[in-house]
Amino acid sequence: MRRLLFLIVLLPVGYYLLCVLALAYLRYLPPPVTGVQTQRVIEQVWSGEPVIRDYRWRPASQISPHLPRAVVAAEDARFFLHRGFDWEELHKARETARDEGQSMRGASTLTQQLIKNLFFTTHRNPVRKVYEWALTPVAEFILGKDRILELYVNVVEFGPGIYGAEAAARHHYGITAADLSRQQAMGLAAVLPAPLTRRPQAMGWYTEIIEERMQQLGW
């Protein structure tokens, strides 16, 4: 029984430490694969679909500056103001859920979303959230804002089997990530809430919202 209890404690602590070491590695080098990518490959194999994993790392210098700006405007407008947790947004989400009598919507920051993409899956569960919260301040400290954003735009899902800016630009527009225009970058950012079903060309209503937010942020 003691050994069992020891393992129960050791396994989650060991995985947490492994994630911390991975973050130190990611401070300088790109991830060869992510948790969400692994999840999607398993789902494709399980369903008998062709396995698609288009993932092409590009440094920030080879990605149009419009894309990370559009992503921040779309997903986490206070990204450069908080330290991993947007307490203001969490408060708003809690108030909205209470007023509407519904469960609280997600208010995850880009840092939290990056941790989910790197180390976990899209499946919601309380264990994942505990890890996200425990790893977020560590990621902010080790990586810093610029590296977090560079990693995020390189690994996030932009379509079925499409990961990162370069693969997304080529798949949706037939160009490189460096050549993305402001409008195209906003189109890609607009698919992020539902990348498996949304397409940039059909997201005009949301790109207008992103455009307004970018202007408010001075971009």
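As a reminder, the structure under discussion sits directly above these lines.
Residues numbered from 1 in each chain as written. Predicted model: local features only at pLDDT ≥ 70, side-chain atom pairs only at ≥ 80, totals over all residues. Heavy atoms only, no water.

**Focus on the overall build of the protein chain**
Rules: Where helices and strands are cited, they refer to DSSP runs of H or I of at least four residues and of E of at least two residues respectively, numbered from the N terminus. All radius of gyration figures rest on C-alpha atoms, and the globule criterion is 2.2 Å times the number of residues raised to 0.38. For every residue, the accessible area obtained with a 1.4 Å probe (protein chains only) is divided by the maximum for its type, and the residue is called buried under 20%, exposed over 50%, and partly exposed between those limits. Only heavy atoms enter the contact rule, under which two residues are in contact if any of them lie within 4.5 Å. Here, Shrake-Rupley sampling with a 1.4 Å probe gives the accessible areas, and only protein chains in the shown set may cover a residue. Asp and Glu count as negative and Lys and Arg as positive, but His and the ends of the chain are not part of the count. Throughout, a charge is located at the NZ atom of Lys, the CZ atom of Arg, the CG atom of Asp or the CD atom of Glu.
Along its length, the protein chain carries nine helices and three strands. Along the chain direction, N to C, the helices and strands of the protein chain fall in the order α-α-β-α-α-α-α-β-β-α-α-α. In terms of overall dimensions, the protein chain is globule-like: its C-alpha atoms have a radius of gyration of 18 Å, near the 17 Å expected for 219 residues. Based on the C-alpha atoms only, the size of the protein chain along its principal axes is roughly 60 × 45 × 35 Å. Out of the 219 residues belonging to the protein chain, those deemed buried represent 43%. Here the contacts in the protein chain between residues at least 6 apart in sequence split such that 69% fall between residues at least 24 apart. Summed over its atoms, the accessible surface of the protein chain is roughly 11900 Å², and 60% of this surface lies on carbon and sulfur atoms. The centroid of the 25 positive side-chain charges in the protein chain is displaced by 7 Å from the centroid of its 21 negative side-chain charges.

**Concerning helix 6 (residues 126-155)**
Rules: For a helix, the expected span equals 1.5 Å multiplied by the number of residues minus one. Note on bend: at a given residue it equals the angle between the axes fitted to the 7 residues ending there and to the 7 starting there. Distance and chemistry together define a polar contact, namely a pair of N or O atoms within 3.5 Å, with one atom able to donate a hydrogen and the other to accept it when in protein, and with adjacent residues in sequence counting only for side-chain atoms on both sides.
Here helix 6 spans only 23 Å end to end across 30 residues, well under the 44 Å set by a 1.5 Å rise per residue. At glycine 144, helix 6 shows its maximal bend, which comes to roughly 95°. Two or three places before valine 127, at the opening of helix 6, asparagine 125 has a side-chain oxygen 3.1 Å from that residue's backbone nitrogen.

**Let's talk about a nonpolar patch on the surface**
Condition: Surface patches are drawn from residues lacking salt bridges whose relative accessible area is over 30%; two like charges belong together within 9 Å, two nonpolar side chains (Val, Leu, Ile, Met, Phe, Trp, Tyr) within 5 Å. By definition here, a salt bridge exists when the distance from a side-chain nitrogen of Lys or Arg to a carboxyl oxygen of Asp or Glu is within 4 Å.
On the surface, Met1, Leu4, Leu5 and Ile8 cluster together to form a nonpolar patch covering roughly 460 Å² of accessible area. As for its placement among the helices and strands, leucine 4 is situated in helix 1 (residues 2-26).

**Examining the packing of helix 5 (residues 110-119) against helix 6**
Operational definition: Axis angles are defined between N-to-C directions and span 0 to 180 degrees, where every axis is a line fitted to C-alpha atoms and, for a helix, only to the segment in contact. By definition in this entry, angles of less than 35 degrees are roughly parallel, angles greater than 145 are roughly antiparallel, angles of 65 to 115 are roughly perpendicular, and the rest are oblique. Under the grouping applied here, Gly and all other residues not named as nonpolar or charged are polar, the nonpolar ones being Ala, Val, Leu, Ile, Met, Phe, Trp, Tyr, Cys and Pro and the charged ones Asp, Glu, Lys and Arg.
Viewed as axis vectors pointing N to C, helix 5 and helix 6 meet at an angle of 95°, and their least axial separation amounts to 6 Å. Compared by their axis directions, helix 5 and helix 6 come out roughly perpendicular. Here the contact of helix 5 with helix 6 is composed, by residue class, of 13 nonpolar, five polar and four charged.

**A look at the packing of aromatic side chains**
Formally: Two rings from Phe, Tyr or Trp (for Trp, the six-membered ring) form a pair when their centres are within 6.5 Å of each other. A pair whose planes differ by under 30 degrees is stacked, one over 60 is edge-to-face, and the rest are tilted. When the NZ atom of lysine or the CZ atom of arginine is within 6 Å of a ring's centre and also within 35 degrees of its normal, the charge is said to sit over that ring.
Considering all chains together, one arrives at eight aromatic pairs under this definition. One aromatic cluster is present, built from ring pairs that chain together Tyr15, Phe120 and Tyr131. One Lys or Arg, arginine 27, reaches over the ring of tyrosine 28 and ends 5.4 Å from the middle of that ring. Over the ring of phenylalanine 79 we find lysine 145, and its NZ or CZ is 4.4 Å from the ring centre.

**As for the sheet that holds strand 2 (residues 157-159)**
Short version of the rule: Pairing between strands requires that DSSP locate at least two bridges from one strand to the other.
If you walk across this open sheet you meet the three strands as 1-3-2, and the pairing is mixed. In this open sheet, the two strands that pair with only one neighbour each are strand 1 (54-55) and strand 2. In this structure, strand 2 lies alongside strand 3 (residues 162-163), joined through two bridges in antiparallel fashion. Across the sheet, residue glycine 159 finds its bridge partner in strand 3, namely isoleucine 162.

**Section: the pattern of salt bridges**
Overall, the coordinates contain 13 salt bridges when judged by the stated rule. The shortest N-O distance in the salt bridge between aspartate 86 and arginine 78 comes to 3.0 Å. What makes aspartate 86 buried here is its relative accessible area of 4%. The partly exposed category is assigned to arginine 78, whose relative accessible area is 27%. The closest approach of N and O atoms between arginine 78 and glutamate 88, which form a salt bridge, is 3.4 Å. In this pair, arginine 78 is assigned in the loop between helix 3 (66-75) and helix 4 (87-100) and glutamate 88 in helix 4, connecting sequence segments 10 residues apart. Among the charged side chains, a salt-bridge network with shared partners connects Arg78, Asp86, Glu88 and Lys92.

**Quick word on the packing of helix 3 against helix 9 (residues 204-216)**
Between helix 3 and helix 9, the shortest axis-to-axis distance is 9 Å and the interhelical angle comes to 100°. Judged by the angle between their axes, helix 3 and helix 9 are roughly perpendicular. Where helix 3 abuts helix 9, its residues His66, Arg69, Ala70, Ala73 and Ala74 lie against Tyr206, Ile210, Arg213 and Met214. Split by residue class, the contact of helix 3 with helix 9 holds six nonpolar, one polar and two charged.

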